[in-house]
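Listed here are the chains, written in short residue letters.
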Amino acid sequence: MKEEEVRSLVKLLAARLTPAEVAGVSIADYSGGAHQEEEALAATFAAGRAREFLAGRLAAARALAGIGAPVGPILRGSQSEPLAPEGYALSISHGAGIALAVAARRTDLHALGIDVETTGRLSRKLWRRIFTPGEAAALAGMPDPAASATAAFSAKEALYKAIFAASGHGAEMKAMELTIAPDGVFRARISNAGALGVPAEIDGFILITKEATTAFAAIPA
Ligand SMILES: CC(C)(COP(=O)(O)OP(=O)(O)OC[C@H]1O[C@@H](n2cnc3c(N)ncnc32)[C@H](O)[C@@H]1OP(=O)(O)O)[C@@H](O)C(=O)NCCC(=O)NCCS
């Protein structure tokens, strides 16, 4: 995705994300700016993966700076989650040529998750692993099932990240039952919320553009 497309996607997202801050970096155009410790981590990855990782770190630093957070190297936790500075929530995603990061003060949002996918990319073969029978039936009846399924998958990935940030546990894809309104606003019922220690319902929204499908989920403070 070109810088210009990145800017317009970030602008669309920013309008809906307050009080969280969002930043985006074109993966193809990434040309440095990450911390030395992050560069050292990236040196252990293959070239393409290193570039998306570093573009994500740069986006994260910009999102954190936007809410006045101290920005040092963003290291990784034991399950590869990004480690935000104390008192801040942070999530990173890369896909469709863009690295996106979203950050908030934990006094505003307890935990958050962002995900970006190429619009319409989710293979039908994966539906059974991701969606409940009710969700699959609803998706099959949509005018563009592939685009809708990618959007629903993206929402579940964003939810997964927010739930992991809040609980330290991975959630099952089929333990999140989505209801998505025509404007992209969604609510997920989390069937094992009690065991995970997260709210039984978590809200978010999906934004679909030609190039990218982006989803955001947040657990309130
Ligand atoms: C962790 C997971 C959510 C990452 O999503 P993805 O679409 O593969 O990749 P994205 O680019 O959107 O996100 C990657 C970023 O998520 C973040 N991340 C990784 N693990 C995380 C976790 N446990 N919690 C929160 N964030 C996490 C990292 O910042 C990572 O980027 P980085 O390594 O460059 O820092 C995903 O791999 C996963 O495990 N999903 C749930 C399992 C599942 O059932 N998936 C369905 C497969 S059909």
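Residues numbered from 1 in each chain as written. Predicted model: local features only at pLDDT ≥ 70, side-chain atom pairs only at ≥ 80, totals over all residues.

(A) Examining the site of the ligand more closely. Among the 20 residues in the neighbourhood of the ligand, the closest are listed as Glu81, Ile92, Ser93, Lys161 and Phe164. Elements with a minimum of two residues in the shell around the ligand: α3 (47-66), β2 (88-95), α4 (127-130) and α6 (145-167). Tallied by class, the residues present in the shell around the ligand amount to nine nonpolar, six polar and five charged. Each of domain 1 (3-106) and domain 2 (115-220) accounts for three or more of the residues forming the shell around the ligand. (Near = placed C-beta within 6 Å. Helix = DSSP H or I, 4+ residues; strand = E, 2+ residues; numbered from the N terminus. Nonpolar A, V, L, I, M, F, W, Y, C, P; charged D, E, K, R; others polar. Domains from an automatic or database assignment.)

(B) Structural context of the nonpolar core. Counting 74 residues, the largest nonpolar core has Ala59, Val102, Ala103, Leu112 and Ala162 as the members making the most contacts within it. Counting residues per element, this core draws most heavily on α6, at twelve residues. Counting contributing residues, this core receives three or more from each of domain 1 (3-106) and domain 2 (115-220). Ignoring sequence-local partners within four residues, the contact set of alanine 59 consists of Ala23, Gly24, Val25, Ile92, Ala99, Leu100 and Ala101. (Core = buried A, V, L, I, M, F, W, Y, C linked by C-beta atoms within 7 Å. Buried ≥ 20, exposed ≤ 12 C-beta atoms within 10 Å, placed from the backbone. Contact = placed C-beta atoms within 7 Å.)

(C) Expanded view of unusual backbone geometry. Residue threonine 18 is joined to proline 19 through a cis peptide bond whose omega torsion reads 10 degrees. Turning to its location among the elements, proline 19 is positioned in the loop between α1 (3-17) and β1 (21-26). Positive phi outside glycine occurs at serine 80, with the angle close to 75 degrees. Note that serine 80 resides in the loop between α3 and β2. Given 7 C-beta atoms within a 10 Å radius, serine 80 is considered exposed. Of note in the backbone geometry, alanine 96 takes a positive phi value of approximately 55 degrees without being a glycine. Inspection of the secondary structure assignment puts alanine 96 in the loop between β2 and β3 (98-105).

(D) Region of the structure containing the domain arrangement of the protein chain. By domain assignment, the protein chain separates into domain 1 (3-106) and domain 2 (115-220). Taking only C-alpha atoms into account, the centre of domain 1 sits 21 Å from that of domain 2. Counting residues at the interface gives 17 residues for domain 1 and 14 residues for domain 2. Among the secondary structure elements, those contributing two or more residues to the side of domain 1 that touches domain 2 are α1, β2 and β3. In terms of residues, the side of domain 1 that touches domain 2 owes the most to one element, α1, which gives six residues.

(E) Highlighting α1. The first and last C-alpha atoms of α1 sit 20 Å apart over 15 residues, in line with the 21 Å expected at 1.5 Å per residue. Of the positions making up α1, those classed as buried are Val6, Leu9, Val10, Leu13 and Leu17. Relative to the axis of α1, the buried residues are bounded by an arc of 100 degrees and lie together on one face. Of the exposed residues in α1, the ones pointing more than 90 degrees away from its buried face are Glu4, Arg7, Lys11 and Ala15. Tucked inside the fold, the buried residues of α1 contact β1, β3, β7 (201-208) and β8 (212-220). (Expected span 1.5 Å × (residues − 1). Arc of directions from axis to C-beta.)

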